[in-house]
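# A look at the structure
Letter by letter, the chains look like this.
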Amino acid sequence: MHPVVEWTAAILIVIAAFFLMVGAIGLARLPDFYMRLHAPTKASTLGVGGVLVASMLVAAAQGRAGVAELLITLFVFVTAPVSANLMAQAALHLKLASRAPVPRDAVPERREG
């Protein structure tokens, strides 16, 4: 395999690992459900996507089509945001409170004169 392909794949994997680490730290450290939901869904999409793009690159260098990696990438990019949205809607339906401060002009009842 060509060294440029190897280095490119390695860089993509390192970048993906960074995003996955940020998502894991966000999941562990953020204070409430909505914030904990946001961190891993966004970061895991980029992290898993980076690993799969690196895998497609290596597969192409080895003469394979990389169709499985492409399908997995599309599946992750579609299901992660949809599942996060459904979990957030369920939490809103259950009236789960958030610890995030609400801006004064966001709620009509709280607006001043």
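Before reading on, note that the structure itself is shown above.
Each chain carries its own residue numbering, running from 1 in the written order of its sequence. Confidence filtering applies because this is a predicted model: local features only for residues at pLDDT of at least 70, side-chain atom pairs given and counted only at 80 or more, and all residues used for totals across whole chains, interfaces and linings. As a rule here, side-chain values come from all non-hydrogen atoms in the structure, and water together with hydrogens is ignored.

### Some details on the overall build of the protein chain
Note the following rule: Note on conventions: DSSP H or I runs of at least 4 residues are helices, E runs of at least 2 residues are strands, and numbering of each starts at the N terminus. Radius of gyration here is computed from C-alpha atoms only, and the compact-globule reference equals 2.2 Å multiplied by the residue count raised to the power 0.38. Exposed residues in this analysis have more than 50% of their type's maximum accessible area, buried residues have under 20%, and partly exposed residues fall in between, with area computed by a 1.4 Å probe over protein chains only. The contact rule is simple, with two residues in contact once any of their heavy atoms fall within 4.5 Å. Surface exposure here means Shrake-Rupley accessible area, sampled with a 1.4 Å probe, where a residue is shielded only by the protein chains that are shown. Positive charge is attributed to Lys and Arg, negative charge to Asp and Glu, and no charge count is given to His or to the chain ends. In this description, the location of a charge corresponds to atom NZ of lysine, CZ of arginine, CG of aspartate or CD of glutamate.
From N to C terminus, the protein chain includes 3 helices and 0 strands. The linear arrangement of helices and strands in the protein chain, starting from the amino end, is α-α-α. Taking 13 Å as the expected radius of gyration for a compact globule of 113 residues, we find that the protein chain reaches 19 Å, considerably beyond that expectation. The dimensions of the protein chain, computed from C-alpha atoms along their principal axes, are 65 × 25 × 20 Å. With 113 residues in all, the protein chain has 23% of them scored as buried. A separation of at least 24 residues holds for 65% of the contacts in the protein chain among residues at least 6 apart in sequence. Per element, the accessible surface of the protein chain, about 8,000 Å² overall, is 72% carbon and sulfur. For the protein chain, the distance from the average site of its 9 positive side-chain charges to the average site of its 6 negative ones is 7 Å.

### Focus: helix H3 (residues 67-93)
The following threshold applies: An expected span of 1.5 Å times one less than the residue number is assigned to each helix.
The end-to-end C-alpha separation of H3 is 39 Å, in line with the 39 Å expected for 27 residues at 1.5 Å each. All of the buried residues along H3 are Glu 69, Thr 73, Val 76, Ala 80, Ala 84, Ala 88 and Ala 91. Residues of H3 that are buried sit in contact with helix H2 (33-61). Taken from the residues just after H3, Lys 95 is the one with a positive phi, measuring 60 degrees.

### A few points about the side chain of Asp 32
Short version of the rule: Salt bridge criterion: a side-chain nitrogen from Lys or Arg within 4 Å of a carboxyl oxygen from Asp or Glu.
Summarising the element assignment, Asp 32 is placed in the loop between helix H1 (3-29) and H2. Despite being buried, Asp 32 has no salt bridge partner; Arg 99 is the closest side chain of opposite charge, sitting 6.1 Å away. Among all residues touching Asp 32, those that are not within four sequence positions of it are Ala 97, Ser 98, Arg 99 and Ala 100.

### A look at the packing of aromatic side chains
What counts, and what does not: We call Phe, Tyr and Trp rings a pair once their centres come within 6.5 Å, taking the six-membered ring for Trp, and we label the pair stacked below 30 degrees between planes, edge-to-face above 60, and tilted otherwise.
Evaluation of the coordinates by the stated rule reveals 2 aromatic pairs. An angle of 65 degrees between the planes, with centres 5.7 Å apart, marks the rings of Phe 18 and Phe 19 as edge-to-face. Judged by relative accessible area, Phe 19 falls into the partly exposed class, the value being 29%. Arranged with centres 5.7 Å apart and planes meeting at 75 degrees, the rings of Phe 33 and Tyr 34 form a pair that is edge-to-face. For Phe 33, a relative accessible area of 26% gives the class partly exposed. Classification of Tyr 34 by relative accessible area gives buried; the value is 19%.

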